[in-house]
Every structure is written in structure tokens, then in C-alpha cells.
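Architecture and fold: a report
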Amino acid sequence: MKTLVYVDHFKGEVQPASWEALGVAKSFGNASAVIFGSGLDALTKTAFEFGADEVLVADDPALADYRAEAFASTLSALASSRTPDLILLPTTTRTRELAAMTAMDLNTGVLIDLTGLSLDGDKLIATRPIYEGKLNEKVVCAGKPVIATLRGRAFPRPAQDKSKSGNATKVEAKAESPTTVEGYEVAEHTVSVSDAGVVVSGGRGVSNNPSLTPPAGMDEKQTEIWRAREGFKLLGELATVLGGAVGASRAAVDGGYIPYSHQVGQTGKVVAPDLYIACGISGAIQHIVGIRSAKLVVAINKDPDAPIFKVARYGVVGDLFQVVPALTEAFKKKLGK
Ligand SMILES: Cc1cc2nc3c(=O)[nH]c(=O)nc-3n(C[C@H](O)[C@H](O)[C@H](O)COP(=O)(O)OP(=O)(O)OC[C@H]3O[C@@H](n4cnc5c(N)ncnc54)[C@H](O)[C@@H]3O)c2cc1C
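First, a word on scope: everything that follows refers to the structure included in this document. Predicted, not measured: the structure shown is a model, and the values here were computed from it.

1. Looking at unusual backbone geometry
Cis peptide bonds are those with omega within 30 degrees of zero, and the linkage from Lys-144 to Pro-145 qualifies with -5°. By secondary structure assignment, the location of Pro-145 is in the loop between β10 (135-139) and β11 (146-150). The backbone of Thr-83 sits at a positive phi, close to 45°, despite the residue not being glycine. Residue placement: Thr-83 occurs in the loop between α3 (68-82) and β6 (86-90).

Okay, structure coming up:
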């Protein structure tokens, strides 16, 4: 089976699930990494290190910024000339758009956010969660090539072999596009919850520390937010010790405790960390759908009947303001930090 694997990156910073997609492609046969952008030598080398048999590169200043029209034209022209059986992409905001536009150009189907992909004879069988993760659907795409995006951390990442290298194969950029990027504005820079191996998340309970005295002059809402932000600092310390990211429930985001980019769940991000620690989160279904792929869930909640305990492997019934700092100290000792 011939597979093209689109390596999604922002200015050379790769979405790690791209390498997971490369691992899946290798397990089916020949895997060609596809990289678009400008100044791609380092990325090309990394693609070889992760096991690409070939690296197809459209290195053109006109592709320095992602624009769906130009990238889809370049990818579909490449696919038309190479006739792969499969095109894999990591699931990201950009690739949902890119995969769909490329599928339109190639008159084929697209399977988004897969958590499983296997080969039965020459038939590719995809697994994707539906109904808020309550069911896993098995899907087959009759079109060719099959285009699929893979959920981050749902597939193993191949080992990186730094001794590997190779020469890029140049491909033509189709850079014409009705849109241009005028600039970027950094909203926030933290570890992304989608890629993190550990996520420490906080909910409405993070604001519930009446023993914390706020600065004078704050009204009730301001006090709640101030307390919650103090609480999120504790979660941040635990996340830092574990090399992870901070997540949040929608109640915490709506309450103004933390920006939306941290929200996990149906209307936030779907995460798949090795460890998910839910602090002061009740476990509403809309939150749970975002953590179904987490490998180990730990819940800290005052209420022994909180639904979150039904999905947690380990549960601590207690006040997060005592439990979280104690965990941070214990991990610091254990990890020698
Ligand atoms: C269409 C739709 C989409 C939605 N999308 C999302 C989504 O993407 N993500 C999401 O999270 N929600 C989402 N929601 C909201 C969801 O239904 C819940 O309202 C929300 O998840 C509740 O957040 P919470 O668990 O933080 O708050 P609560 O339900 O209020 O729970 C707070 C918890 O904190 C505990 N607690 C309080 N104090 C402490 C303490 N000191 N120590 C320990 N525990 C404490 C309490 O026992 C309680 O269990 C959505 C809702 C709808 C209708």
C-alpha cells in the first residue's frame, strides 16, 4: 500500500501526531512524508528520522503561511501524479479543512479524527467515535485515495532514529490563493492540552476555597475569579512538575477563570493523555466525551457521588486545595525536582 503522510506544522513546529500517522503508514507499506512550507531542511531530516521512505517537499516562500486553497491544490496535484492508496493527516484545525478540500478535488471521501485504522485484505477499516464517544463506528471509504485524519495520541509514535537522513524530492507548489496571511498575534503560549502526555484539569471547584482572603475591594464575582485563578496556579504547579498542560471544564472557562483554549470536552478539545487529573470537576457527559481516550483518569472531588468517579481509575474524595499541593510535593520528591 502506498501512503502519503501530510506533516502538519506551523513555521517548522510539527504537530506530533504527524509522526504517529507516519508510523501507521509504515505499518501498511510504503510511506512518503509530504511537507509544504518554506525553509524545510530540518523538517525533512526529521521526517526521515521518523521512518519516511521518501520526503516530498514543496518548499516555496509562497507556502510560508498555511492557506487552505493553496495547500489543497498542491496536495491534490501531488496525489493525482503519485496515485497513493491512502493519504493520512494528523487531526488538527487546519487539516480538517485541508483534508476535506483535497477530497473534493480528488472526488473521494474523507474520514475525520480516526482512533483506529486497520487493513483487512486490501480494504481499509477505519474506527471513529460517534455520539459523543459513546459508540465507535467502523467505516470503509469506497473512493480512492482514502483520505483520513488521525486523532493525536491514539496511535503509537514511531521511535526517532537521529542517524537517518535522505534527500528531499521536490514537488511543485500551487501557491495561487485568494487569501493571504497579514500577520499573527500570539494569544497565549503554553503546552497544548491536545498534545500533552499529562493534563491537570480544573473545574468550578477550583474557585471553592473560602479560606483564601482576596485583596480588599473585590465584589463577589471578582472574588470568585481571583480565588479560582489562585487555585489554577496550584494546578499549574502540578502540571509543571509532571511536564504536562492545564485543562479546564466549561464551567471554569465560562466563569472567566481560564481562557477557552484550555477547555476540554464536547465544545472544547478532545484530549488523549497518558494521565488526566480532574480537579473539582463533576464529570458532566459533555466533559467526559473529551477525555474518553485518556489512558488513566484520576479524579479529586469533595463529593463522593460525583459522576467523574465513574470514569476515573483512581479517585480521591477530598478538598483539592489540600490534595493537589500534597501531590505536587510528592511528585517533586519522587521525580527529584
Ligand atoms: C451543548 C453543551 C456543550 C458543553 N460543552 C462542554 C465542554 O466542552 N466541556 C465541559 O467541561 N463542559 C461542557 N458543557 C457543560 C457541562 O454540562 C457542565 O456544566 C460542566 O462540565 C460542569 O463543569 P464543572 O464540572 O467544572 O462544574 P460543576 O458541575 O459545578 O462541578 C464542580 C465540582 O467541583 C467539586 N468541588 C467543589 N469544591 C471542591 C473542592 N474544594 N475540592 C474538590 N472538589 C470540589 C464539586 O463537588 C463538583 O463536583 C457543555 C454543556 C452543553 C449544554
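2. Brief notes about the pattern of salt bridges
Taken as a whole, this structure holds 16 salt bridges when the rule is applied. Between Glu-230 and Lys-233 there is a salt bridge; the shortest N-O distance is 2.9 Å. One end of the pair, Glu-230, and the other, Lys-233, are both in helix α5 (residues 220-241), three residues apart, so they sit about a helical turn from each other. A salt bridge links Asp-274 to Lys-295; its shortest N-O distance comes to 3.9 Å. Note that Asp-274 is positioned in the loop between α6 (250-254) and β15 (275-279) and Lys-295 in the loop between α7 (285-288) and β16 (297-301), a separation of 21 residues in sequence. Judged by its relative accessible area of 40%, Asp-274 falls in the partly exposed class. Taken together, the salt bridges that share partners define one network made up of Arg-153, Asp-274 and Lys-295.

3. Examining the site of the ligand
Around the ligand sit 26 residues, and of these Arg-204, Ser-249, Thr-267, Ser-282 and Asn-301 come closest. Residue Ser-249 places a side-chain N or O atom 2.6 Å away from an oxygen atom belonging to the ligand. Between the ligand and His-287, the relevant distance is 2.8 Å, taken from an oxygen atom to a side-chain nitrogen or oxygen of the residue. Relative to its free-state accessible area of 990 Å², the ligand is covered by the protein chains to the extent of 77%. At the level of secondary structure, the elements contributing two or more residues to the shell around the ligand comprise α6, α7 and α9 (320-335). For the shell around the ligand, the class distribution of residues is six nonpolar, 15 polar and five charged.

4. Quick notes on the packing of aromatic side chains
Under the defined criterion, the tally for this structure stands at five aromatic pairs. Note on Tyr-6 and Phe-36: the rings are 5.7 Å apart at their centroids and 70° apart in plane angle, and the pair reads as edge-to-face. Of this pair, Tyr-6 sits in strand β1 (residues 2-6) while Phe-36 sits in strand β4 (residues 30-37), and the two are 30 residues apart along the sequence. No difference in accessibility class separates Tyr-6 from Phe-36, as the two residues are buried. Between the aromatic rings of Phe-10 and Tyr-184, the centroid separation amounts to 5.0 Å while the plane-to-plane angle is 85°, which identifies the pairing as edge-to-face. Residue Phe-10 is found in strand β2 (residues 9-10), and its partner Tyr-184 is found in the loop between β12 (169-170) and β13 (198-202); the two are separated by 174 residues along the sequence.

5. Here we look at the pairing of β11
Taken across its five residues, β11 has five buried, putting it largely inside the fold. Across the two faces of β11 the burial is the same, with Val-146, Ala-148 and Leu-150 and Ile-147 and Thr-149 all buried. Note that β6 and β11 share five bridges and pair parallel. Following the sheet pairing, Leu-88 is matched in β11 by Ala-148. Bridging between strand β7 (residues 110-114) and β11 involves three bridges; their strand directions are parallel. Note that in β11 the partner of Val-110 across the bridge is Ile-147.

6. Thoughts on the packing of α3 against helix α4 (residues 93-106)
Between α3 and α4, the shortest axis-to-axis distance is 9 Å and the interhelical angle comes to 50°. In terms of axis orientation, α3 runs oblique to α4. Crossing handedness for the pair α3 and α4: right-handed. Within the contact between the two elements, α3 uses Ala-68, Glu-69, Phe-71, Ala-72, Ser-73, Leu-75, Ser-76, Ala-79 and Ser-80 and α4 uses Glu-97, Leu-98, Met-101, Thr-102, Asp-105 and Leu-106. Counted by class, the contact of α3 with α4 contains eight nonpolar, four polar and three charged residues.

7. Description of α5
Compared with the 32 Å implied by 1.5 Å per residue over 22 residues, the 32 Å span of α5 between its first and last C-alpha is a close match. Taken residue by residue, α5 has Thr-223, Ile-225, Arg-227, Ala-228, Gly-231, Phe-232, Leu-235, Gly-236, Leu-238, Ala-239 and Val-241 as its buried positions. Where α5 is buried, its residues meet β13, β14 (245-248), α6, β15 and α9. Where α5 begins, one side-chain oxygen reaches toward the backbone nitrogen of Lys-221, 3.2 Å away; that side chain belongs to Asp-219. Positive backbone phi, at 65°, marks Gly-243, one or two positions downstream of α5.

8. Digging into the packing of α5 against α9
Where α5 meets α9, the axes come as close as 9 Å, and the angle between the chain directions of the two elements is 20°. Considering their axes alone, α5 and α9 lie roughly parallel with respect to each other. The handedness of the crossing between α5 and α9 is left-handed. From α5, Gly-231, Leu-234, Leu-235, Glu-237, Leu-238 and Val-241 reach across to α9, where they touch Leu-320, Phe-321, Val-324, Pro-325, Leu-327, Thr-328, Phe-331, Lys-332 and Leu-335. Counted by class, the contact of α5 with α9 contains eleven nonpolar, two polar and two charged residues.

Conventions adopted
Residues numbered from 1 in each chain as written. Predicted model: local features only at pLDDT ≥ 70, side-chain atom pairs only at ≥ 80, totals over all residues. Heavy atoms only, no water. Helix = DSSP H or I, 4+ residues; strand = E, 2+ residues; numbered from the N terminus. Salt bridge = Lys/Arg side-chain N within 4 Å of Asp/Glu carboxyl O. Buried < 20%, exposed > 50% of the residue type's maximum accessible area, 1.4 Å probe, protein only. Near = heavy atom within 4 Å. Polar contact = N/O pair within 3.5 Å; in protein donor to acceptor, adjacent residues only side chain to side chain. Areas by Shrake-Rupley, 256 points an atom, 1.4 Å probe, with all protein chains shown as cover. Nonpolar A, V, L, I, M, F, W, Y, C, P; charged D, E, K, R; others polar. Phe/Tyr/Trp six-rings, centres within 6.5 Å; stacked < 30°, edge-to-face > 60°. Pairing = 2+ DSSP bridges. Axes fitted to C-alpha atoms, helices over the stretch in contact; angles between N-to-C directions. Parallel < 35°, antiparallel > 145°, perpendicular 65-115°, else oblique. Left-handed = near helix turned anticlockwise from the far one by under 90°. Contact = heavy atoms within 4.5 Å. Expected span 1.5 Å × (residues − 1).

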